[in-house]
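Geometric and topological summary
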Amino acid sequence: MRAGVVIENEKVICKEIEEPQISDNCVKVAVAVTGICGSDVPRVWKNGAHNYPIVLGHEFSGVITEVGKNVKKVQVGDHVAGIPLVPCFECKDCLAGNFSLCKHYSFVGSRQQGSMAEYVVLPEENVIKISDSISLETAAFFEPSTIAKHGINLVNYQSGKTVIILGGGNIGSFMTQWIHILGAEKIVVVGRNKEKLERALELGATHVVSTLDEDYLEQLNAITNANGYDYVFETAGSNKMIELSIKIVANKGTICYVGTPTKEVCLDFKLWEKINRKEAILTGSWMSYSKPWPGEEWEATAREFESGRLKVTESMIHARYSLEDIDKAFALYKDNQKPEAKVLIYSDNELLKEQKKK
């Protein structure tokens, strides 16, 4: 089969490899679409792969073509979205339903072969059946959506409050939509990119503020009459945004850090004192799973994509590439470049042709 293979640092190519075979508890998926995640980039450009060669890809959709004899929940022909975490289900964290914290996990497209290929084999538990009304392209966005929903679940979100989302990328876009669905008094999105801020307004934000404005902090304070924000979701992993989160959180407010920093984060004592004085609650958020497996995050994403209240807009997609051009797709990220939206890899060339006709 064809697959996009990272054969060494800074070299990813499309080549023929052996097609994977299923076991009794697994399914084989003909991959339709895979999104390039930010975590895939260092595996190509920063010596970040666990081993070589490796097939990346964990944000994906496809159609089941074969099932093992013990598989009960899905069947050949089902459209599915991929669930990349493969927990042990036996450790203390897994038994408590905290699958994201499993210390004995595997992960599709990282610790085992991923979805940037014609086929991928997974345990039955690692696919979720989707409605035929959800396009396979949209289904490739399931995992980013569940990451946003997981962060909201962690803070025991209550509607009718003031919410601010720091970062307007795809996680921020899904966070905006989820908060809009769940309800809030005000939904403010902060970022630098004009197009992303315009998209946030389309997706339900009541206000947007650009950090390129010299008075952006004054603008943010004016929106709440200097009372701060009840919920702050940091989705960019940016030092500037992390510092801003502490400055603008309300007294007794909650900050949820969904973004992953790539540089050292240092807080001066004045910022730390603000955490104390405000009695702010801080939490990290890691991946997107809860009990019963794979969790409410995945069920809610399937339900809301089907309802149409949760959606993927064209502005959330930077470019589409065929599997044969995977090297060109990853070249967009070379030298720390960062496309402003999701880059998609189509394993199914006919599906890509259909998409281009739209």
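Residues numbered from 1 in each chain as written. Predicted model: local features only at pLDDT ≥ 70, side-chain atom pairs only at ≥ 80, totals over all residues. Heavy atoms only, no water.

**Some remarks on the environment of Thr-206**
For Thr-206, the location among the structural elements is in the loop between α6 (194-202) and β13 (207-210). We classify Thr-206 as partly exposed; its relative accessible area is 39%. Between the alpha carbons of Thr-206 and Glu-185 there is a distance of 8.8 Å; along the sequence they are 21 residues apart. Once residues within four sequence positions are removed from consideration, Thr-206 is found in contact with Lys-186, Ile-187 and Leu-201. (Helix = DSSP H or I, 4+ residues; strand = E, 2+ residues; numbered from the N terminus. Buried < 20%, exposed > 50% of the residue type's maximum accessible area, 1.4 Å probe, protein only. Contact = heavy atoms within 4.5 Å.)

**Observations regarding unusual backbone geometry**
Here Tyr-52 and Pro-53 are connected by a cis peptide whose omega angle stands at -5 degrees. With respect to the helices and strands, the residue Pro-53 is situated in the loop between α1 (41-45) and β4 (54-55). For the bond from Trp-293 to Pro-294, the omega torsion is -5 degrees, close enough to zero to count as cis. Mapped onto the elements, Pro-294 comes out in the loop between β16 (281-284) and α10 (296-307). You will see that Glu-279, though not glycine, has its phi angle at about 50 degrees, which is positive. Residue position: Glu-279 is located in the loop between α9 (269-278) and β16. Exposure remark for Glu-279: the relative accessible area of 46% places this residue in the partly exposed category. Backbone geometry at Asp-335 places phi at a positive 55 degrees, although glycine is not the residue there.

**A short note on a negative patch on the surface**
Negative charge collects at one region of the surface, where Asp-213, Glu-214, Asp-215 and Glu-218 lie side by side. Judged by relative accessible area, Glu-214 falls into the exposed class, the value being 82%. (Patch = residues over 30% accessible without salt bridge, like charges linked within 9 Å, V, L, I, M, F, W, Y side chains within 5 Å. Areas by Shrake-Rupley, 256 points an atom, 1.4 Å probe, with all protein chains shown as cover. Salt bridge = Lys/Arg side-chain N within 4 Å of Asp/Glu carboxyl O. Lys, Arg positive; Asp, Glu negative; His and termini not counted. Charge placed at Lys NZ, Arg CZ, Asp CG, Glu CD.)

**Side note on the pattern of salt bridges**
Enumeration over the complete set of coordinates arrives at 19 salt bridges. The salt bridge partner of Arg-43 is Asp-40, with a shortest N-O separation of 3.6 Å. A single burial state applies to Arg-43 and to Asp-40, both of which are buried. Notably, a salt bridge pairs Arg-309 with Glu-304, separated by 3.0 Å at the nearest N-O pair. Through salt bridges with shared partners, one network takes in Arg-2, Glu-118 and Glu-324.

**Re the sheet that holds strand β15 (residues 249-257)**
In space, the 6 strands of this open sheet follow the order β13-β12-β11-β14-β15-β16, with parallel pairing throughout. Of all strands in the sheet, those bounded by a partner on one side alone are β13 and β16. Ignoring strand direction, the axes of neighbouring strands in this sheet form an average angle of 15 degrees. (Pairing = 2+ DSSP bridges. Axes fitted to C-alpha atoms, helices over the stretch in contact; angles between N-to-C directions.)

**Let's talk about the nonpolar core**
Phe-142, Phe-174, Trp-178, Ile-179, Phe-233, Tyr-289 and Phe-305 are the most contacted members of the largest nonpolar core, which has 53 residues in total. In this view, Tyr-289 contacts Ile-83, Pro-84, Leu-85, Gly-97, Phe-99, Ser-100, His-150, Pro-294, Glu-297 and Trp-298; residues no more than four positions away in its chain are not counted. Core analysis: the second largest hydrophobic core is formed by 24 residues, Ala-3, Val-44, Leu-56 and Ala-329 among them. (Core = buried A, V, L, I, M, F, W, Y, C linked by side-chain atoms within 4.5 Å.)

**A word on the sheet that holds strand β1 (residues 2-8)**
With respect to topology, 3 strands assemble into an open sheet ordered β2-β1-β4, the strand pairing being antiparallel. At either margin of the open sheet sits one strand with a lone partner, and together these are β2 (11-16) and β4. By the bridge criterion, 6 bridges tie β1 to β2 in an arrangement that is antiparallel. In the strand pairing of β2, Val-6 is matched with Val-12.

**Brief notes about the side chain of Ser-100**
Residue placement: Ser-100 occurs in the loop between α2 (92-95) and β8 (106-107). Apart from residues lying up to four places away in sequence, Ser-100 is in contact with Leu-85, Trp-286, Met-287, Ser-288 and Tyr-289.

**Quick word on the pairing of strand β18 (residues 342-346)**
Burial of β18 is extensive: 5 of the 5 residues sit out of reach of the surface. Here β18 shows a buried face lined by Lys-342, Leu-344 and Tyr-346 and a second buried face lined by Val-343 and Ile-345. Sheet topology places strand β3 (residues 26-35) next to β18; 3 bridges connect them, and they run antiparallel. Within β18, the position partnered with Val-33 by the bridge is Tyr-346. Of the strand pairs in this sheet, strand β17 (residues 317-322) and β18 are connected by 5 bridges, and their pairing is parallel. Within β18, the residue paired with Tyr-321 across the bridge is Ile-345. This β-α-β element, β17 to helix α11 (residues 326-331) to β18, shows right-handed connectivity. (Right-handed = clockwise from strand over helix to strand, strands pointing away.)

**Looking at a positive patch on the surface**
Together, Arg-192, Lys-240, Lys-247 and Lys-274 make up a positively charged patch on the protein surface. You can see Lys-240 is positioned in helix α8 (residues 239-248). Taking relative accessible area as the criterion, Lys-240 reaches 41% and is therefore assigned partly exposed.

**A few points about α6**
Looking only at α6, the buried set comprises Lys-196, Leu-197, Arg-199 and Ala-200. For α6, the angular spread of buried residues about the axis comes to 155 degrees, placing them on one side. Residues Lys-194, Glu-195 and Glu-202 are exposed on α6 and point more than 90 degrees away from its buried face. Where the residues of α6 are buried, they touch α5 (170-182), β12 (186-191) and β13. One side-chain oxygen at the N-terminal end of α6 lies 3.0 Å from the backbone nitrogen of Glu-195; it belongs to Asn-193. Just past α6, the residue Gly-204 takes up positive phi, approximately 125 degrees. (Arc of directions from axis to C-beta. Polar contact = N/O pair within 3.5 Å; in protein donor to acceptor, adjacent residues only side chain to side chain.)

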